Amino acid sequence: MLAELKKRIIDGQVHEVFSVPRILVVDDEPLLRDSLRDILLQNGYEASAARNGRDALVQIARQHFDAILLDLFMPDIHGTEVLDFIAKRGLDTPVIVVSGDDSVDSVINALRGGAQDFLRKPYQPDEMLKRVGNVIQRRRLELENRSVLQQMEQSEKWHRFLVNSSPDFIYTLDCEGRFTFVNDRVESLLGYKHDELLGQHYTAVVFDDDFNQAQYVFNERRTGKRASRYVELRLKCKECSRSNGAEGRILVVELNAIGMYEQPDNKFASRYLGTYGVAKDISERKKAEETIHYQAYHDLLTGLPNRVLFKDRLNLAIAQARRSSEMFAVMCLDMDHFKVVNDTLGHVVGDELLLAVTARLHGCLREGDTLARMGGDEFCLLLPQISGIEVVGSIAEKVTVALSKPFHIDHRELFATVSIGVSLYPADGETGDSLIKHADIALYHAKTCGRDNCQLFHMGMNVPLSNRLSLENDLRHALERNQLVAYYQPQVDLKRGHIVGFECLIRWQHPVRGLISPAEFIPLAEETGMITAIGKWMLDTACQQLKVWKTRELPPVRLAINISPRQMEQPDFVEHILNALHQHGLDQGMLEVEITENLIMKDVERTVEKLKQLSASGIKIAIDDFGTGYSSLNYLKKFPIHTIKIDQSFIADIERDGDTSIVTAIIAMAKGLHLNLIAEGVETENQLAFLRRMECDEIQGYLLSEPLTAQAATTMLIENITPLAMFAGR
Ligand SMILES: Nc1nc2c(ncn2[C@@H]2O[C@H](COP(=O)(O)O[C@H]3[C@@H](O)[C@H](n4cnc5c(=O)[nH]c(N)nc54)O[C@@H]3COP(=O)(O)O)[C@@H](O)[C@H]2O)c(=O)[nH]1
C-alpha cells in the first residue's frame, strides 16, 4: 500500500493526511507519456499527465504533487524552465528528469536546476519505479525530520517562556558553583543582566552574613525528598544598578535546590553536573510578618512598646535584678483629664496630645529605660538599676517639669499633667503583675490626692482601694435605703440683697462613714452609670422642695440642679424634667439646670437640641465652672444660655494674688451678651467688694452660707434673712 499517513506542511503548519502519492508526468510525446502514467497507475500511484511544458506549469501552480517526472526537450518550453518555475515558487516537490539526452552537461544542468534524479530514456519500468519510490521515501523522511525539528523548537520555546516568565529566580550552577543558566527574572529581582551573572560564582549574590548557610543549598547534590527545601536566605542585589532601584537592596528568598546529573533517573551511574535551584522572593511576606509582629508588641499611635512587650521587658528586668541583687522601679503614669480633651476637642487633637506627651516623656528617659503605652492615656516606665528611691523622685520630677510647659496643638494651647504611681522591685512585688498592680494602686492614690503628683506604693494603700470597692457596693443601695440627702446653697442678688435661688448639692448620709461629699462618690456614680438614677432622684427632690415652699407661700426662688453628661445622654432627659415640674404643679421658670462647658462640647448638636427644648419651656440654663473647660466662645451665642457661673478658682485668685483679669473679662463678656452672672465660691469680703464694684449680678459662697439642709434653707427663706445684709455698705 502506497497510501500512508503523511505529514504535509501547508502554510507553515504540519498537517497529517492519508494519501496516495500523486505523480505528474510531463512529456510531449503522447506514447511515452501515457505508458509512463499507466505504469504508475498500475503500481498504486495517482498519476496526472502534462502534454508540454506550459501545461506542466499550470498544473504545478494549481495542485500539489509528491513527485514530478520531467522531460527536458519539449517544443514549447525546456524542462529546465519548469525546474526554474518550481524553484522560484519555493516548492520542495522532488523532480526526476527523464531525458534521452544523457550528456554530462545535461545531467549536471538538470541537477543544478533542482532535479533530484536523472533517468535516461529509454528506461526499464522497474528502474523508473525504484527511482520514484526512492525520491518519495526521501521526501517523506525529510518532511518527518522537519516536523520533529519544528516540534522540538516549539517545545524548547515553550520551556524557555515558562522558565523566563516564572515569578521566581531559576538558575543552574556548574560543579564549581558558577552560574550556567539564569532566567529573565534575575534582572528584575537582583538587577543583573543574564550575561553579567553567567560564569560568576554564586557567592556574588549571597548576603555576606548568610554565606555559611548558603554553601549547603548552592552546592546541593541531593535529589528527591532529601534535597534542600524552603531554605530562607538573603540575596544581595547588584550594587551599582541605579536605574532599576535594586541598588543595595537585600532580597529575602526561599530556596529549593537539587543536584543535576547526566542521567536524571540514575544519578549513581551518571556524572554530577551541578545544581538546579529556584529562589522565591519572600520579601513582601517577611515585611508583612514583621508588621504583624511589630503590631503585636507596639502601640500603633506612638510606636511605643505595648502592654505585652512591657511585661516581657519587666520579666527580663526581674530575672536580671534577681541575679545581680539590684533594685528597679515601675512607674505608672496617667494623664489627668485626658478624657475631657478627647471628648471636647475630638480624638485627632487627643492623639496629637498623646504624641507630644510621648515625645516629652522620651526626653526624660535614661539609656536602658523602657517607656510603654498601656492603653488610652496610661503609660508605664520601667527604670532598671535604681540606686535609691531618690532616683525615682528625680525622674518623676523631671517628667513633671517636662510636661509643665504648654502644648501647642491645632492652634490651641493645651496643658497636660500626669498622676504617677511607683512600685519598687523587690520591696513592692517580685512578679511583673504584682509590680504593675501596686504601681497602679499608688497611681490611684495620686489621683485621689488631687492629681498632678507622684505616690510611692506602700502596703497601707491597699486598704482604701478595697474601700472604693465597698463604696461602690454601698452606693448601689444608697437610693433604695434613702441615704441620699439634698443640701441647698443660697444664691443672692448683689443689688437687692435677696435670695434669688439655691443650688441643690447632694450628700450621702452613709450609715458607717457619715456624711460623704459628692466629690467622693459622684465620679464613681458617673463611672458606673448610677448617676442617671441619682440625677432623677435629685430632680424629684428639688421639685418636691419647691412645691413645699410654694405651698407655704414663701418667696418664689429658683432651684439649680447639676446635670452630668450621662444624664444628658438619656433619650428621655427633657421629657423627664418637664414631667417632674408638671407633676408637682411648678412653674418652669423655677428650675435651672447647670451644665459644664465640657458637657456641651461632648456632643454639641444633640446637646443644643435638648437645651433648646428646655429653654423653650421656660427652664433656665446655667454654665457651671465657666472658664475652666476646653470650649469655644461661639457656643455662648449658639446655645440658649441664661446664666454664667464664674468658676471659684478665678474668684480665689482675687484673694490669693489679686489677679482679677479673668473675672473682669468674664463679667464684661457676660454683660455684653446680656447673660445673668453668678460668682461662685465667694469666701471673703474683699472678693465681695470687688464683685460689687464690677456689678456682678449674683454671688454664692461660704461668705454668705455653706450648703444648708432643707430645713435650714427653709428657715432662711421664712425669716427672710438676707445674708448679704450683714455686709451691706461695705
Ligand atoms: N451631677 C451632680 N453633681 C453634683 C451634685 N451635687 C453636687 N455635685 C457636684 O459635686 C461637686 C462637689 O460638690 P460640693 O462638695 O457640694 O461642693 C459645692 C459647694 O459646696 C462648693 N462651694 C460652694 N461655696 C464655696 C466656697 O465658698 N468655697 C469653697 N471652697 N467651696 C464652695 O462648691 C461646689 C459647688 O460646685 P459647682 O457645682 O461647680 O457649683 C461639685 O462639682 C458639684 O457640682 C448632683 O446632684 N449632681
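Residues numbered from 1 in each chain as written. Predicted model: local features only at pLDDT ≥ 70, side-chain atom pairs only at ≥ 80, totals over all residues.

**Some remarks on the overall build of the protein chain**
Test applied: A run of DSSP states H or I qualifies as a helix once it reaches four residues; a run of E qualifies as a strand once it reaches two. Both are numbered from the N-terminal end. Three exposure classes are used. Buried residues have 20 or more other C-beta atoms within 10 Å of their own C-beta, exposed residues have 12 or fewer, and partly exposed residues fall in between, all C-beta atoms being placed from the backbone. Two residues qualify as a contact pair if the distance between their C-beta atoms, derived from the backbone, is within 7 Å.
Per the secondary structure count, the protein chain includes 26 helices and 28 strands. In the protein chain, which comprises 730 residues, the proportion classed as buried is 32%. When contacts within the protein chain are restricted to residue pairs at least 6 apart in sequence, long-range pairs at least 24 apart make up 61% of them.

**Here's the deal with the sheet that holds strand β8 (residues 169-174)**
Selection criterion: Two strands are said to pair when DSSP picks up at least two bridges between them. Whenever a helix is involved, its axis is fitted only over the stretch in contact; in every case the axis is a line through C-alpha atoms, and angles between N-to-C directions fall within 0 to 180 degrees.
Read from one edge to the other, the open sheet built from five strands follows the order β9-β8-β12-β11-β10, with strand pairing classed as antiparallel. Only two strands of the sheet have a single neighbouring strand rather than two, namely β9 (179-182) and β10 (228-236). Across this sheet, the average inter-strand angle for adjacent strands is 30°, counted without regard to direction.

**Notes on the sheet that holds strand β7 (residues 117-120)**
Each strand in a sheet pairs with another by means of backbone hydrogen bonds, the pair being arranged parallel or else antiparallel. The five strands lie next to each other as β4-β3-β5-β6-β7, forming an open sheet whose pairing is parallel. Unpaired on one side and paired on the other, β4 (46-50) and β7 mark the two borders of the sheet. Going from strand to strand, the sheet's axes swing by 20° on average, the running direction of each strand aside. Sheet topology note: the strand β3 (residues 22-26)/β4 ladder contains five bridges and is parallel. Within β4, the residue paired with Val25 across the bridge is Ala49.

**Some details on the pairing of strand β13 (residues 328-335)**
For a regular strand, side chains alternate in direction, first toward one face of the sheet and then toward the other. Where burial is concerned, most of β13 is hidden: eight out of the eight residues are buried. Of the two faces of β13, both are covered, the one formed by Phe328, Val330, Cys332 and Asp334 as well as the one formed by Ala329, Met331, Leu333 and Met335. Alignment of β13 against strand β15 (residues 378-383), held across six bridges, turns out to be antiparallel. The partner of Val330 across the bridge, within β15, is Leu382.

**Section: the site of the ligand**
Keep this limit in mind: Each residue gets a C-beta atom placed from its backbone. If that atom is within 6 Å of a molecule or strand, the residue is near it. Under this grouping Gly is polar, as are all residues other than the nonpolar Ala, Val, Leu, Ile, Met, Phe, Trp, Tyr, Cys and Pro and the charged Asp, Glu, Lys and Arg.
What surrounds the ligand is a group of 21 residues, the closest being Leu505, Pro518, Asn562, Gly701 and Tyr702. The class makeup of the residues in the shell around the ligand is nine nonpolar, seven polar and five charged.

**Remarks on the packing of helix α23 (residues 648-656) against helix α25 (residues 685-693)**
When two helices pack together, their arrangement is given by the angle between their axes and by how far apart the axes lie. To be explicit about the condition: Oblique is the label for every angle not falling under 35 degrees (roughly parallel), over 145 degrees (roughly antiparallel), or within 65 to 115 degrees (roughly perpendicular).
Direction vectors running N to C along α23 and α25 enclose 110°, while the axes themselves pass 9 Å from each other. Considering the angle they form, α23 stands roughly perpendicular to α25. Judged by residue contacts, Ile651, Ile654 and Glu655 of α23 engage Asn686, Gln687 and Phe690 from α25. The residue inventory of the contact of α23 with α25, partitioned by class, reads three nonpolar, two polar and one charged.

**Comments concerning the confidence of the model for the protein chain**
Worth spelling out the cut-off: For every residue, the pLDDT score states the predictor's confidence, bounded by 0 at the bottom and 100 at the top.
Here the protein chain shows a mean pLDDT of 89. Residues at 70 or above account for 93%. Element-level pLDDT for the protein chain is lowest in strand β1 (residues 4-10), with a mean of 49, against a maximum mean of 97 in strand β23 (residues 558-562). Across residues 14-18, where pLDDT falls below 50, the model places 12 contacts with residues more than four positions away in sequence or in other chains. In this model, residues 240-247 is a region of pLDDT below 50 whose contacts with residues beyond four sequence positions or in other chains number 11 contacts. Predicted complex, confidence summary: ipTM 0.94, pTM 0.51.

**Examining the environment of Ser419**
Locating Ser419 in the fold gives a position in strand β18 (residues 418-425). C-beta crowding within 10 Å serves as the criterion here: with 23 such atoms nearby, Ser419 is assigned to the buried category. Residues Ser419 and Asp336, 83 residues apart in the sequence, show an inter-C-alpha distance of 6.5 Å. Beyond its immediate sequence surroundings of up to four residues, Ser419 is in contact with Asp334, Asp336, Leu443, Ala446, Lys447, Arg451, Asp452 and Asn453.

**Regarding helix α17 (residues 531-551)**
What counts, and what does not: Given a helix with a known number of residues, its expected span is that number minus one, times 1.5 Å.
With 21 residues, α17 should cover 30 Å at 1.5 Å per step; its first-to-last C-alpha distance of 30 Å lies within 8% of that length. Taken as a whole, α17 has its buried residues at Ile531, Ile534, Gly535, Met538, Leu539, Ala542, Cys543, Leu546 and Trp549.

**Remarks on the nonpolar core**
Spelled out, the test is: Here a nonpolar core is just a set of buried residues of the types Ala, Val, Leu, Ile, Met, Phe, Trp, Tyr and Cys, joined wherever their C-beta atoms sit within 7 Å.
Core analysis: the largest hydrophobic core is formed by 65 residues, its most contacted members being Cys504, Ala542, Leu559, Ile561, Ile646 and Ile699. With eight residues, α17 is the single largest residue contributor to this core. Non-local contacts of Ile646, meaning those with residues more than four positions away in its chain, are made with Phe626, Gly627, Ile651, Val663, Ile666, Leu677, Ala679 and Glu680. Counting 46 residues, the second-largest nonpolar core is a separate cluster that includes Leu314, Ala317, Ala416 and Ile436.

**Structural notes on the pairing of β9**
In this structure, β8 lies alongside β9, joined through three bridges in antiparallel fashion. Bridged to Leu173 within β9 is Phe179.

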